[in-house]
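In case you want the letters, here they are:
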Protein chains: 2
Amino acid sequence: MSTAVPSRREELLAIAARLFAEKGFRNTTVRDIADAAGILSGSLYHHFDSKESMVDEILSTFQNELFGQYDEILASSEDARAKLERAVRVSFEAIDKHPHEVAIFQNDADHLGSFSRFGYLADRNTQSRQVWVTLIEEGMRTGVLRPDLDVTLTYRFIRDTVWVAVRWYRPGRGLTHSDVADQYVRILLDGIAQPSRRR
Amino acid sequence: MSTAVPSRREELLAIAARLFAEKGFRNTTVRDIADAAGILSGSLYHHFDSKESMVDEILSTFQNELFGQYDEILASSEDARAKLERAVRVSFEAIDKHPHEVAIFQNDADHLGSFSRFGYLADRNTQSRQVWVTLIEEGMRTGVLRPDLDVTLTYRFIRDTVWVAVRWYRPGRGLTHSDVADQYVRILLDGIAQPSRRR
DNA sequence: GACCCTACCAAGCATTTGCTTGGTGTGGCA
DNA sequence: TGCCACACCAAGCAAATGCTTGGTAGGGTC
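Residues numbered from 1 in each chain as written. Chains lettered and ligands numbered in written order. Predicted model: local features only at pLDDT ≥ 70, side-chain atom pairs only at ≥ 80, totals over all residues. Heavy atoms only, no water.

## Things to note about the protein's contact with DNA strand C
Line of reasoning, step 1. The local shell around DNA strand C holds 17 residues, among which R8 and L40 of chain A together with V30, Y45 and K51 of chain B are the closest.
Line of reasoning, step 2. Sugar plus phosphate: this is where 60% of the atoms of DNA strand C within 4 Å of the protein reside.
Line of reasoning, step 3. Here a base nitrogen of DNA strand C and a side-chain polar atom of H46 of chain A are 3.4 Å apart.
Line of reasoning, step 4. For DNA strand C, a phosphate oxygen lies 3.3 Å from a polar atom in the backbone of T28 of chain B. (Near = heavy atom within 4 Å. Polar contact = N/O pair within 3.5 Å; in protein donor to acceptor, adjacent residues only side chain to side chain.)

## Things to note about the side chain of S128 of chain A
Line of reasoning, step 1. Along the polypeptide, S128 of chain A turns up in helix α6 (residues 119-141).
Line of reasoning, step 2. According to the relative accessible area criterion, S128 of chain A is buried, its value standing at 10%. (Helix = DSSP H or I, 4+ residues; strand = E, 2+ residues; numbered from the N terminus. Buried < 20%, exposed > 50% of the residue type's maximum accessible area, 1.4 Å probe, protein only.)

## Some thoughts on helix α5 (residues 99-112) of chain B
At 3.6 residues per turn, the α-helix brings residues three or four places apart onto the same side.
Residue and element names in this part refer to chain B.
Line of reasoning, step 1. Between its first and last C-alpha atoms α5 spans 18 Å; for 14 residues at 1.5 Å apiece the expected length is 20 Å, and the two agree.
Line of reasoning, step 2. In α5, a bend of some 45 degrees at Q106 exceeds every other bend along the element.
Line of reasoning, step 3. Of the residues making up α5, those classed as buried are E101, V102, A103, I104, F105, Q106, D108, A109 and L112.
Line of reasoning, step 4. Of the surrounding secondary structure, the elements contacted by the buried residues of α5 are α1 (8-23), α3 (51-75), α4 (80-97), α6 (119-141) and α7 (151-163). (Expected span 1.5 Å × (residues − 1). Bend = angle between axes of the 7 residues up to and from the residue. Contact = heavy atoms within 4.5 Å.)

## Some remarks on the environment of H111 of chain B
Residues and elements named next belong to chain B.
Line of reasoning, step 1. With respect to the helices and strands, H111 occurs in helix α5.
Line of reasoning, step 2. In this structure H111 comes out as partly exposed when scored by relative accessible area, which is 26%.
Line of reasoning, step 3. Considering only alpha carbons, one finds H111 and R26, 85 residues apart in sequence, at a separation of 9.4 Å.

## A look at the interface of chain A and chain B
Line of reasoning, step 1. Contact with chain A, which involves 44 residues of that partner, is made by 44 residues of chain B.
Line of reasoning, step 2. Between chain A and chain B, the buried area comes to about 4,600 Å², and carbon and sulfur atoms account for 53% of it.
Line of reasoning, step 3. Sorting the residues of chain A by area buried against chain B places R146, F157 and I192 of chain A first, and these three jointly supply 16% of that buried surface.
Line of reasoning, step 4. Applying the counting criterion to the chain A and chain B interface returns 2 salt bridges.
Line of reasoning, step 5. In this structure, D148 of chain B engages R186 of chain A in a salt bridge whose closest nitrogen and oxygen atoms are separated by 2.8 Å.
Line of reasoning, step 6. If you look at where chain A meets chain B, you find 8 residue pairs in polar contact (both at pLDDT 80 or more).
Line of reasoning, step 7. Of all the secondary structure elements, the ones that give two or more residues to the side of chain A that touches chain B are α4 (80-97), α5 (99-112), α7 (151-163) and α8 (177-190) of chain A.
Line of reasoning, step 8. Residue composition of the side of chain A that touches chain B, by class: 19 nonpolar, 10 polar and 15 charged. (Buried area = accessible area lost by both parts, 1.4 Å probe. Salt bridge = Lys/Arg side-chain N within 4 Å of Asp/Glu carboxyl O. Nonpolar A, V, L, I, M, F, W, Y, C, P; charged D, E, K, R; others polar.)

## Digging into empty space enclosed by the protein
All names here are of chain A.
Line of reasoning, step 1. Following the criterion strictly, the structure yields 4 cavities of 30 Å³ or more and no others.
Line of reasoning, step 2. Considering only enclosed or pocket space, the largest cavity measures out at about 60 Å³ in volume.
Line of reasoning, step 3. Secondary structure elements with two or more residues in the lining of the largest cavity: α3 (51-75) and α4.
Line of reasoning, step 4. Of the residues assigned to the lining of the largest cavity, the class counts are 3 nonpolar, 2 polar and 3 charged. (1 Å grid on protein atoms, 1.4 Å probe; cavity = no way out; pocket = protein on both sides within 12 Å on 5 of 7 lines; lining within 4 Å. Points joined across faces, edges and corners; volume = space filled by probe spheres on them.)

## Re the environment of R18 of chain B
Residue and element names in this part refer to chain B.
Line of reasoning, step 1. On the secondary structure map, R18 appears in helix α1.
Line of reasoning, step 2. Considering only alpha carbons, one finds R18 and S53, 35 residues apart in sequence, at a separation of 16 Å.
Line of reasoning, step 3. Apart from residues lying up to four places away in sequence, R18 is in contact with A36 and H100.

## Looking at the packing of aromatic side chains
Centre-to-centre distance and the angle between the planes together describe a pair of aromatic rings.
Line of reasoning, step 1. According to the stated counting rule, one finds 15 aromatic pairs over all chains in the structure shown.
Line of reasoning, step 2. Look at W168 of chain A and Y169 of chain A: their rings are 6.4 Å apart centre to centre, the planes differ by 75 degrees, and that puts the pair in the edge-to-face class. Grouping residues by exposure puts W168 of chain A and Y169 of chain A together as buried.
Line of reasoning, step 3. Cluster of aromatic residues (ring-pair linked, three or more members): F92, F157 and Y184 of chain A together with F92, F157 and Y184 of chain B.
Line of reasoning, step 4. Over the ring of F25 of chain A we find K51 of chain A; its NZ or CZ atom is 4.7 Å from the centre of that ring. (Phe/Tyr/Trp six-rings, centres within 6.5 Å; stacked < 30°, edge-to-face > 60°. Lys NZ or Arg CZ within 6 Å of the ring centre and 35° of its normal.)

## What about the UniProt feature "DNA-binding region" (unreviewed entry) in chain A?
Line of reasoning, step 1. Per the UniProt entry, the sites bearing "DNA-binding region" (unreviewed entry) are residues 29-48 of chain A in this numbering.
Line of reasoning, step 2. Secondary structure content for residues 29-48 of chain A is 40% helix and 0% strand, and the end C-alpha separation is 14 Å. (UniProt positions renumbered as here; feature names shortened; annotations may be inferred.)

## Some remarks on the packing of α4 of chain B against helix α8 (residues 177-190) of chain B
Residues and elements named next belong to chain B.
Line of reasoning, step 1. Contact geometry for α4 and α8: axes closest at 9 Å, N-to-C directions at 140 degrees. Taken together, the axes of α4 and α8 lie oblique to each other. Crossing of α4 over α8 shows right-handed handedness. Residues R81, E85, V88, R89, F92, E93 and D96 of α4 form the contact with α8, whose own contacting residues are H177, S178, V180, A181, D182, Y184, V185, L188, L189 and D190.
Line of reasoning, step 2. When grouped by side-chain class, the residues that make up the contact of α4 with α8 number 8 nonpolar, 2 polar and 7 charged. (Axes fitted to C-alpha atoms, helices over the stretch in contact; angles between N-to-C directions. Parallel < 35°, antiparallel > 145°, perpendicular 65-115°, else oblique. Left-handed = near helix turned anticlockwise from the far one by under 90°.)

## Some details on the relation of the copies chain A and chain B
Line of reasoning, step 1. When chain A is fitted to chain B, the best match, at an RMSD of 0.0 Å, comes from turning it 180 degrees and sliding it 0.0 Å along the axis. Considering both components of the superposition, the chain copies are consistent with a two-fold axis. Ranked by how close their C-alpha atoms come to the rotation axis, the residues of chain A are headed by G191 of chain A, at 1.9 Å.
Line of reasoning, step 2. Taken together, the interface assignments show that 100% of the residues at the interface of chain A recur at the interface of chain B, consistent with an identical surface on both copies. (Least-squares fit on C-alpha atoms with pLDDT ≥ 70 in both.)

Have a look at this one:
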């Protein structure tokens, strides 16, 4: 949660998030962050315990917000197709609003997850899997999705296609996140082949 | 090209490739590589000029092989749908045979590409884009693919969904690369929605 | 005017990093 | 037996890394 006028601490976190996203967590030095903020590296330790605690705060804040939205979708009473579509849209919205946080999670979660401090990353991963798998299974059960899908593979397909977009999507340039979501949902649900030529 | 009995040099490259893939290029130290090989870090420099030249050799060898296969597909006389399918299959085969090389390219190409020595990485990227865009446009022109696709977005969608699989696919465990390609091609071309409920 | 609080500086320390240098052991070949 | 190529060791160096310590400047409060 950021206040209207961001505190110095929040400014520094935003700078760190950008650098972590651009260069990776381990390849970003505390001197990089300090330089970008116009201060000396030691001064960062007035605001934060460690480099790890910075990325910790960045990721946990973001994930709390995101999973709150997933929970809302799961609890809604729409049909599975609509819920799937909403989940995809919420994800693209997250890429639009928090591209750095998404990039850090995509690139560094594996490495960070090996420290007990970041155990919640694995939990969130499990939780995310449950969200998608639940929606896919509900869709197959209710006849909205093909009955012959491999659930696990379909889950990975959706998860990957959505989040990997953070690699090329740039907020405010070209298509909006909503445009991209439109196209992605369309391809995901109906494919790229000409319907009349379906095999 | 590796000989039947790999030379020590090739053994060391394979060890380095595995570590670069697991931990990233910059986060892998020459001591990590040497430890895994059972020698001292300085001894690596009997075989290689630098850490960079190791990753250079790993990536360029792999890409030469891969793009040779793409060229064959483009030159064939099948229809666009068959060619697209073959290109997807060749890519999954590459993930199966060279998972470390693919992972390194996915994770470190951006960073390495900023050095002039690795300029060929950007060239290969452009070349890859041309392969996919050519096939997509041919498909749309010949009526095999929907005519309303956004070519660039579709290209990114295909590229990303294929290569990102290197994150979870493990050769020799569970589904084969051919099984995965089957499912991915199916979803890509025809979508996950129940055909009778298409909108 | 005395006191704090926030934000920062200046200097440095221990460790890790890529890489260098000069030397050693071993097997094969003449 | 002498020689050589290959693979490696032992020791270390300069730079970069995360973090620590003691201090300073400025604004607000009583």
